[in-house]
Amino acid sequence: MSSTGAGENRGGLPRRARALARRGWKVLRVNWHLGVTAFGGPPVHFKIFNEKFVQKSKWVDEQVFQEIFSISQSLSGPASTKMLYCINLLHGGFMAALFSFLLWSLPGAIGMFGLSIGVSSIDENLPRIVYALLSGLNSATVGVIALAAVELSQKAITDPLTRIIVFVTAAAGMLYNALWYFPVLMLVSGVATLVNDYRWVHRPVGALAKSLKRKRAAHPEAGPQDTTTVRSSHELGSTQPEPRSELPVSEDETNKNDRPSGSTAENEPRIVPQELRLNMSWKTGTVIIVSFFLSFIVAMVLRSVLPAPGPPILYRLFSNMYLAGTIIFGGGPVVIPLLREYVVAEGWVSARDFLIGLALIQAFPGPNFNIAVFLGSLTAINAGHSSVAGALIAWIAIFSPGLILVHGTMGLWSAARNRRWVKSVLRGINAGAVGLIYTAVYRIFMVGYIDQGFQAGRSLGDDPWWVVITATSYVGGRYFKLNAPSAIVLGGLMGLIRYGVVNG
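No experiment lies behind these values; they were computed from the predicted model shown.

A. Inspection of a positive patch on the surface at higher detail. A contiguous patch of positive charge on the surface is contributed by Arg15, Arg16, Arg18, Arg22 and Arg23. In this fold, Arg23 is placed in helix α1 (residues 2-31). Residue class for Arg23 comes out partly exposed when judged on its relative accessible area of 41%.

B. Here's a closer look at the pattern of salt bridges. In this structure the tally under the stated criterion is eight salt bridges. Its salt-bridge partner being Lys155, residue Glu62 comes within 4.0 Å of it at the nearest N-O pair. On the criterion of sequence distance, the pair formed by Glu62 in helix α4 (residues 62-74) and Lys155 in helix α7 (residues 128-156) is long-range, its members being 93 residues apart. Taking the relative accessible area as the measure of exposure, Lys155 reaches 36% and is therefore partly exposed. Residues participating in the shared-partner salt-bridge network are Asp159, Asp197 and Arg427.

C. The nonpolar core, seen in detail. Judged by nonpolar contacts, the single largest core of 122 residues is most densely connected at Phe53, Met321 and Leu375. Here Met321 is in contact with Leu339, Val343, Ala372, Leu375, Ala394, Ala397 and Ile398, once residues within four sequence places are set aside.

D. Representation of the packing of helix α16 (residues 371-382) against helix α17 (residues 387-416). For the pair α16 and α17, the least separation of the axes is 7 Å and the interaxial angle reads 140 degrees. Viewed along their axes, α16 and α17 adopt a mutual orientation that is oblique. Here the hand of the crossing between α16 and α17 comes out right-handed. Across from Ala372, Val373, Gly376, Ser377, Ala380 and Ile381 in α16, the residues of α17 making contact are Ser387, Gly390, Ala391, Ala394, Trp395 and Ile398. When its residues are assigned to classes, the contact of α16 with α17 shows eight nonpolar, four polar and no charged.

E. The UniProt feature "transmembrane region" (unreviewed entry) in the chain, seen in detail. The residues that UniProt annotates with the feature "transmembrane region" (unreviewed entry) are residues 92-117, 129-152, 164-182, 286-306, 318-339, 392-416, 428-450 and 482-501. Along residues 392-416 the backbone is 100% helical and 0% strand, and the end-to-end C-alpha distance reaches 36 Å. In the segment residues 428-450, helix accounts for 87% and strand for 9%; the C-alpha atoms at its two ends are 37 Å apart.

F. Region of interest: the side chain of Ser473. Along the chain, Ser473 turns up in helix α19 (residues 464-479). For Ser473, a relative accessible area of 4% gives the class buried. Within polar-contact distance, the side chain of Ser473 engages the backbone nitrogen of Val144 at 3.4 Å. Contacts of Ser473, omitting those with residues within four sequence positions, involve Ala140, Gly143, Val144 and Ala487.

G. Representation of α4. Between its first and last C-alpha, α4 extends 18 Å over 13 residues, near the 18 Å set by a 1.5 Å rise per residue. Within the span of α4, buried status applies to Val64, Phe65, Gln66, Glu67, Ile68, Phe69, Ser70, Ile71, Ser72 and Gln73. In the core, the buried residues of α4 are packed alongside α3 (42-56), α5 (79-92), α7, α9 (181-198), α17 and α18 (420-447). Where α4 begins, the capping side chain belongs to Asp61, and its oxygen is found 3.3 Å from the backbone nitrogen of Gln63.

H. Up close: the packing of aromatic side chains. Counted according to the given criterion, the structure contains 17 aromatic pairs. Aromatic pair Phe53 and Trp59: ring centres 5.5 Å apart, planes at 45 degrees, arrangement tilted. Like Trp59, Phe53 is buried. An angle of 75 degrees between the planes, with centres 4.9 Å apart, marks the rings of Tyr449 and Phe454 as edge-to-face. Residue Tyr449 is classed as buried on the basis of its relative accessible area, which comes to 8%. A relative accessible area of 18% places Phe454 in the buried class. Ring pairs connect the aromatic residues Phe292, Phe293, Phe296, Tyr315, Phe318 and Tyr322, which therefore count as one cluster. The lysine or arginine in question, Arg420, covers the ring of Tyr198, its NZ or CZ lying 4.4 Å from the ring centre. Between the NZ or CZ atom of Arg458 and the centre of the ring of Phe454, over which it lies, the distance is 4.1 Å.

I. Layout of a nonpolar patch on the surface. On the surface, Val290, Leu294, Ile297, Val298, Val301, Leu302, Val305 and Leu306 cluster together to form a nonpolar patch covering roughly 670 Å² of accessible area. Summarising the element assignment, Val290 is placed in helix α12 (residues 282-305).

J. Highlighting unusual backbone geometry. Notably, Lys58 is not glycine yet its phi reads approximately 60 degrees, a positive angle. Mapped onto the secondary structure, Lys58 falls in the loop between α3 and α4. Non-glycine residue Arg199 carries a positive phi angle of around 55 degrees. In this fold, Arg199 is placed in the loop between α9 and α10 (202-218). Using a relative accessible area of 6% as the deciding quantity, one classes Arg199 as buried.

Conventions and cut-offs
- Residues numbered from 1 in each chain as written.
- Predicted model: local features only at pLDDT ≥ 70, side-chain atom pairs only at ≥ 80, totals over all residues.
- Heavy atoms only, no water.
- Patch = residues over 30% accessible without salt bridge, like charges linked within 9 Å, V, L, I, M, F, W, Y side chains within 5 Å.
- Areas by Shrake-Rupley, 256 points an atom, 1.4 Å probe, with all protein chains shown as cover.
- Salt bridge = Lys/Arg side-chain N within 4 Å of Asp/Glu carboxyl O.
- Lys, Arg positive; Asp, Glu negative; His and termini not counted.
- Charge placed at Lys NZ, Arg CZ, Asp CG, Glu CD.
- Helix = DSSP H or I, 4+ residues; strand = E, 2+ residues; numbered from the N terminus.
- Buried < 20%, exposed > 50% of the residue type's maximum accessible area, 1.4 Å probe, protein only.
- Core = buried A, V, L, I, M, F, W, Y, C linked by side-chain atoms within 4.5 Å.
- Contact = heavy atoms within 4.5 Å.
- Axes fitted to C-alpha atoms, helices over the stretch in contact; angles between N-to-C directions.
- Parallel < 35°, antiparallel > 145°, perpendicular 65-115°, else oblique.
- Left-handed = near helix turned anticlockwise from the far one by under 90°.
- Nonpolar A, V, L, I, M, F, W, Y, C, P; charged D, E, K, R; others polar.
- UniProt positions renumbered as here; feature names shortened; annotations may be inferred.
- Polar contact = N/O pair within 3.5 Å; in protein donor to acceptor, adjacent residues only side chain to side chain.
- Expected span 1.5 Å × (residues − 1).
- Phe/Tyr/Trp six-rings, centres within 6.5 Å; stacked < 30°, edge-to-face > 60°.
- Lys NZ or Arg CZ within 6 Å of the ring centre and 35° of its normal.

The following block contains the structure:
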């Protein structure tokens with residue numbers, strides 16, 4: 001009996017190993033190229049993921065994709081990285097998700113690390129041809145992101161309300177910028193669709209209108225024609241169905257026609273296929289989230305209470321990146337100014353080197369958060385420490401919060417996804433997040449033109465050539481199927497052409 005059990009155990013281990021190897025090969029086969037071909041930042045990444053995992057491989061369906069998109073946007077950290085992690089988590093489990101993250105992030109991280117070594121040894125000013133190349137890359141990136149924003153809008157806009165939300169969040173994001181601002185915009189967007197779908201405003205407004213009609217009907221000074229009109233309306237109301245503001249929200253089929261046009265907050269529970277369900281309970285998800293916040297508190301307390309001269313610089317680098325990864329909402333466009341405060345203001349990296357990293361990361365595939373590797377390496381080099389240690393610390397610290405939080409949230413999501421109010425809120429968050437992509441287009445446009453005299457960046461609109469590159473990138477992708485990598489390379493070449501014409 002025991003020998004048979006031992007034989008089963010010996011045979012079971014190879015079987016599990018083979019199954020793990022098969023899953024790993026499947027993840028590699030589908031994900032291997034994303035880390036080296038996904039240019040353009042999160043908005044373009046979402047488009048690429050939709051084509052890859054919804055339309056081609058069919059790992060998830062469109063509704064699950066939109067759900068994950070909303071979850072990724074509503075949590076802190078790198079949005080496209082969290083989305084790729086969740087798709088692979090649903091399809092193959094934790095090891096598949098972790099492997100996909102490494103395939104996704106490491107190519108760009110290694111490239112940014114190599115560039116940090118080179119930047120640490122260059123002169124104060126770069127050759128002007130380099131600035132022309134970087135400006136061309138930035139210009140093409142703006143066009144690629146603008147195209148992604150338009151295409152994502154077509155899916156996020158389901159009715160007039162979501163159209164308004166996309167517009168308002170885009171405009172609001174352009175007008176003001178603060179750490180707390182983007183999360184508030186997305187929260188307000190979710191509340192707006194919730195209030196609309198549950199008709200919390202429609203009922204009191206309908207009751208007020210009915211009350212006013214009754215008062216008008218009761219006034220003797222109203223003219224005969226007015227009185228007849230009011231009575232006619234009241235009499236018709238007695239024979240027609242009650243206004244939709246008075247219908248119970250809990251009713252289902254009888255209220256379907258009374259909901260806003262295009263609403264996706266159906267009462268009917270969605271039947272999720274077994275292969276799209278995550279085998280994790282909401283209790284496990286809660287434990288993961290609580291554990292993360294405990295670790296965050298400990299890291300921040302240690303940074304504050306360690307005696308003078310304070311914690312070592314590498315620990316301060318870790319705590320600053322850990323904090324940035326925890327409080328950043330909105331992805332790459334938000335992480336840039338925040339990391340400037342946490343690295344340049346600390347005196348660890350020069351403003352020039354930071355701006356070079358900003359220009360380079362726009363032209364690199366994979367997540368924009370890989371700029372942390374660039375900054376971590378330079379911080380360690382300038383402080384006399386190992387560049388590898390600095391890069392690794394920064395990379396782990398800035399990516400960990402978002403991945404941990406989204407992993408825990410996916411456990412909670414399994415229990416909450418069929419609730420009508422959750423669908424309503426996510427519909428609004430989804431529209432708000434798409435609106436903020438237009439904000440990203442604006443912000444990169446306003447600092448994309450760099451040269452020796454203005455290394456902090458100027459608007460691409462200051463020179464018509466950069467606008468032409470942006471338009472070429474957009475039109476090429478929209479109407480001529482020019483993919484994002486080709487558009488960005490073309491932008492760099494057009495930047496070099498400008499340099500040759502102006503300085504030739």
